[in-house]
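Descriptive structure summary
What follows is the residue order along each chain.
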Amino acid sequence: GNSVTQMEGPVTLSEEAFLTINCTYTATGYPSLFWYVQYPGEGLQLLLKATKADDKGSNKGFEATYRKETTSFHLEKGSVQVSDSAVYFCALSDQTGANNLFFGTGTRLTVIP
Amino acid sequence: DAGVTQSPTHLIKTRGQQVTLRCSPKSGHDTVSWYQQALGQGPQFIFQYYEEEERQRGNFPDRFSGHQFPNYSSELNVNALLLGDSALYLCASSLWGRFTDTQYFGPGTRLTVL
């Protein structure tokens, strides 16, 4: 079956620190991989995605590389800001006709000045 | 360009009641998916509608039902509410068959069951 395992949180970092949030997946086919972000009181927003092995998704200084050999899609950012405080969800799409998403449990990031 | 909209924003019901949540997809999208997000958890797929038919369903009981209208908007109905149904219900829209495309999420409806 399809599942996503995400790094346990919460994570607290000082501003300008390096961020890594680990994500590994199990999938029956060749999924697309996503990172979504949920700011306080808001819905989910797509942060970045990768649709095939070795692809790198990037947005707003965040990056993640689709690693088929390790079934991973770790999220990284070189220098976090207070405004990055949010909950981050790793997800996969199983690329069937229904294209539904399987989410991890989420990692809450708090960045302190 | 209007994004995904959901109504109502918040809802309070008591056990045993029935509830209907509504969703309008992003302009140009024809597929609507519903997710349940319990507090502190990731969203879980409930079901997906395309061409007014349920196309795929997650592991949810048949107390959860839905409908899609000709204008692509959708409703989620939950009967015989349980305390455990308290959650944020998210609607997402997309284009059918576009496997690598992004699903766009609405702000959600917060349902509280007392």
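Our subject is the structure listed above.
Before going into details, it helps to say that this report is about the structure given with it.

What counts as what
- Residues numbered from 1 in each chain as written.
- Chains lettered and ligands numbered in written order.
- Predicted model: local features only at pLDDT ≥ 70, side-chain atom pairs only at ≥ 80, totals over all residues.
- Heavy atoms only, no water.
- Contact = heavy atoms within 4.5 Å.
- Buried area = accessible area lost by both parts, 1.4 Å probe.
- Salt bridge = Lys/Arg side-chain N within 4 Å of Asp/Glu carboxyl O.
- Polar contact = N/O pair within 3.5 Å; in protein donor to acceptor, adjacent residues only side chain to side chain.
- Helix = DSSP H or I, 4+ residues; strand = E, 2+ residues; numbered from the N terminus.
- Nonpolar A, V, L, I, M, F, W, Y, C, P; charged D, E, K, R; others polar.
- Buried < 20%, exposed > 50% of the residue type's maximum accessible area, 1.4 Å probe, protein only.
- Disulfide = S-S within 2.5 Å.

Moving on, we come to the interface of chain B and chain A. Across the boundary between the two partners, chain B contributes 22 residues, which contact 22 residues of chain A. Across the interface of chain B and chain A, roughly 1,800 Å² is buried in total on both sides, 52% from carbon and sulfur atoms. Taken together, the links from chain B to chain A amount to 0 salt bridges. Between chain B and chain A we count 4 residue pairs in polar contact (both at pLDDT 80 or more) in total. Elements represented by at least two residues in the side of chain B that touches chain A include exactly β4 (31-37), β5 (44-50) and β9 (87-94) of chain B. Grouping the amino acids of the side of chain B that touches chain A by side-chain chemistry returns 9 nonpolar, 11 polar and 2 charged.

This brings us to the environment of Q44 of chain B. Secondary-structure assignment places Q44 of chain B in strand β5. Placed 16 residues apart in sequence, Q44 of chain B and F60 of chain B show a C-alpha to C-alpha distance of 9.5 Å.

Looking now at the pattern of salt bridges. In this structure the tally under the stated criterion is 7 salt bridges over all chains. Between K77 of chain A and D84 of chain A there is a salt bridge; the shortest N-O distance is 2.7 Å. The class of D84 of chain A is buried, set by a relative accessible area of 6%. Across the pair R22 of chain B and E75 of chain B runs a salt bridge, and its minimum N-O distance is 3.4 Å. With R22 of chain B in strand β3 (residues 19-24) and E75 of chain B in strand β8 (residues 74-78), this residue pair connects regions lying 53 residues apart in the sequence.

Let's shift gears to the state of the cysteines. Residue and element names in this part refer to chain A. Tallied over the full model, the rule gives 2 disulfides over all chains. Each sulfur of the disulfide joining C23 and C90 lies 1.9 Å from the other. The sign of the -70° torsion about the S-S bond sets the C23-C90 disulfide as left-handed. Linking C23 in strand β4 (residues 23-26) with C90 in strand β10 (residues 86-93), this pair joins segments that are 67 residues apart in sequence. The class of C23 is buried, set by a relative accessible area of 1%. Given a relative accessible area of 1%, C90 falls into the buried group.

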